[in-house]
Amino acid sequence: MPARAEERSAVIDLEAIRHNVRHLAAVASPAKIMAVVKADAYGHGAVQVARAALGAGASWLGTAHISEALALRAAGIEAPLLAWLHTPDSNFAAAVAAGIDIGCSGWELDRIVAAAREQERPARIHLKVDTGLGRNGATLDAWDSLVGEAMEYQDQGLLRVVGIFSHLAVADEPERPETDEQLAAFRQILAVAQDAGVDPEVRHLANTPATLSRPDTHFDLVRVGLGLYGLSPFEGQSPAELGLRPAMTVRTVVSHCKDVPAGQGVSYGLNYRTDGVSTLGLIPLGYADGVPRIATGGPVRVEGVNYPVVGRIAMDQMVIDLGPRNVTAGGPSILGAEAVLFGDGADGGPTADDWARAAGTNNYEIVTRISPRVPRRYINEEPSTGEERP
Ligand SMILES: *Cc1c(COP(=O)(O)O)cnc(C)c1O
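Residues numbered from 1 in each chain as written. Predicted model: local features only at pLDDT ≥ 70, side-chain atom pairs only at ≥ 80, totals over all residues. Heavy atoms only, no water.

If you check an unreviewed UniProt entry, the protein chain appears there as Alanine racemase from Arthrobacter humicola. Entered under Pathway (unreviewed entry) in the UniProt record, the comment concerning the protein chain runs "Amino-acid biosynthesis; D-alanine biosynthesis; D-alanine from L-alanine: step 1/1." Here the protein chain is described in UniProt, under the heading Catalytic activity (unreviewed entry), as follows: "L-alanine = D-alanine". (UniProt positions renumbered as here; feature names shortened; annotations may be inferred.)

Let's shift gears to the overall build of the protein chain. Counting its secondary structure elements, the protein chain contains 11 helices and 19 strands. Along the first, second and third principal axes, the C-alpha atoms of the protein chain reach 85 × 40 × 40 Å. Buried positions account for 53% of the 390 residues belonging to the protein chain. Taking the contacts inside the protein chain whose residues are at least 6 apart along the sequence as the reference set, 66% of them involve residues at least 24 apart. (Helix = DSSP H or I, 4+ residues; strand = E, 2+ residues; numbered from the N terminus. Buried < 20%, exposed > 50% of the residue type's maximum accessible area, 1.4 Å probe, protein only. Contact = heavy atoms within 4.5 Å.)

A full pass over the atoms with the stated rule returns three cavities of 30 Å³ or more. Reported here for the largest cavity is a volume of approximately 40 Å³. Taken together, Gly-290, Val-291, Pro-292, Leu-341, Phe-342, Trp-355, Ile-366 and Ile-370 make up the full set of residues lining the largest cavity. Residues of the lining of the largest cavity, tallied by class, amount to seven nonpolar, one polar and no charged. (1 Å grid on protein atoms, 1.4 Å probe; cavity = no way out; pocket = protein on both sides within 12 Å on 5 of 7 lines; lining within 4 Å. Points joined across faces, edges and corners; volume = space filled by probe spheres on them. Nonpolar A, V, L, I, M, F, W, Y, C, P; charged D, E, K, R; others polar.)

With four bridges joining them, strand 15 (residues 299-302) and strand 16 (residues 305-310) adopt antiparallel strand pairing. Pairing of Val-302 across the sheet is with Val-305, part of strand 16. Where strand 16 meets strand 17 (residues 318-321), two bridges bridge the pair, whose relative direction is antiparallel. Residue pairing across strands places Val-310 opposite Val-319, the latter belonging to strand 17. (Pairing = 2+ DSSP bridges.)

To continue, consider the packing of helix 6 (residues 108-119) against helix 7 (residues 140-155). With their axes 11 Å apart at the nearest point, helix 6 and helix 7 run at an angle of 10° to one another. The angle between helix 6 and helix 7 falls in the class roughly parallel. Contacts between helix 6 and helix 7 involve Leu-109, Asp-110 and Val-113 from the former and Leu-146, Glu-149, Ala-150 and Tyr-153 from the latter. Residues belonging to the contact of helix 6 with helix 7 are distributed by class as follows: five nonpolar, no polar and two charged. (Axes fitted to C-alpha atoms, helices over the stretch in contact; angles between N-to-C directions. Parallel < 35°, antiparallel > 145°, perpendicular 65-115°, else oblique.)

Turning next to helix 4 (residues 66-74). Restricting attention to buried positions, one finds in helix 4 the residues Ile-66, Ala-69, Leu-72 and Arg-73. For helix 4, the angular spread of the buried residues around the axis is 115°, confining them to a single face. Looking at helix 4, the residues exposed on the side facing more than 90 degrees away from the buried face are Ser-67 and Ala-74. Looking one or two places after helix 4, you find Gly-76, whose phi comes out positive at around 90°. (Arc of directions from axis to C-beta.)

This part covers the site of the ligand. In the vicinity of the ligand lie 14 residues, with Lys-38, Tyr-42, Thr-208, Arg-223 and Tyr-364 positioned nearest. Within the contact set of the ligand, an oxygen atom lies 2.6 Å away from a side-chain nitrogen or oxygen of Tyr-364. Relative to its unbound accessible area of 390 Å², the ligand is 95% covered by the protein chains. Those elements that place two or more of their residues in the shell around the ligand are helix 2 (38-42), helix 9 (208-213) and strand 9 (221-224). Its residues placed into classes, the shell around the ligand shows seven nonpolar, four polar and three charged. (Near = heavy atom within 4 Å. Polar contact = N/O pair within 3.5 Å; in protein donor to acceptor, adjacent residues only side chain to side chain. Areas by Shrake-Rupley, 256 points an atom, 1.4 Å probe, with all protein chains shown as cover.)

Structure, rendered in structure tokens:
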């Protein structure tokens, strides 16, 4: 924590990030780690997380967009870096010039080659196959010809097929059979590629849940996002049970505390009314800060107690009901006290999973949507001396 508490911040513990990288690296070994830092590292700050992850043993970085990858290069980060989600307007030339690896599902190939010609530098590509997710990736039917075309260009020195990859659909539900089907399809397309003479440096399939639950999906490289941030991809399994430490704490300072009569309506719509005489605390975070408007009931911890948010969450603020405190007559006010929305969950503190439940979403969305209005603050930026290594 900064010495003087700020009004609001998302505190990012870079030691937790490093711990999670070391843990995931041990789990995935001998496969290498790609730290997925798309969407500003799921809201944690892409440049800071990328540096911490690389320092702790990640060998690759991954983003969705080329523009996200270019921002990492602009910050001076030179590690292998893959971007996989493009449009015909994506800047392939800039990616080639910056040595960014480009995911290729098929249509991108001609544009990537044009960029390589323009830059007079071979492109680095990872061929993507759709083994069942139904999003990006070549269909199994198109795979043969995509591999053939890519190899022709490789023979001409216009590109290098650095990787072959696919993405899993249900790895967060380990009992489902589709992961086996995707894995079998992936093995099949690898064999086809090998027969065509492709010799990729990295074959990669696993996301965080597969890294943790399916060693048979690790291949040469695992692409971990959620686990890097210390969150659990599995329903009913906590980060601690997986050896992970949540890295983000969202906290603020209580901005008003007052006594109200019985039946006091709270926030727009007056959907909540106090049962009896009570005391309300005002929390200065709302949906403009990324707290989902639908998440009434989500917990806010003040002075060691988790209070559910009552009434509608507004753009800038939300309310907790403390029960009668009679602050008017000198009862304990919480004005100025620290209020934590979620953090590492230690000592029963609230978690991103609690807010995900309250909002009917997952923990990915809770951390990722914390808005730029909440300043990110970094702690433990430098590894302490004598820090344990796996
Ligand atoms: C986001 C993403 C990942 C990371 O998934 P997690 O479940 O957060 O580990 C991996 N691969 C691809 C292609 C992705 O889009």
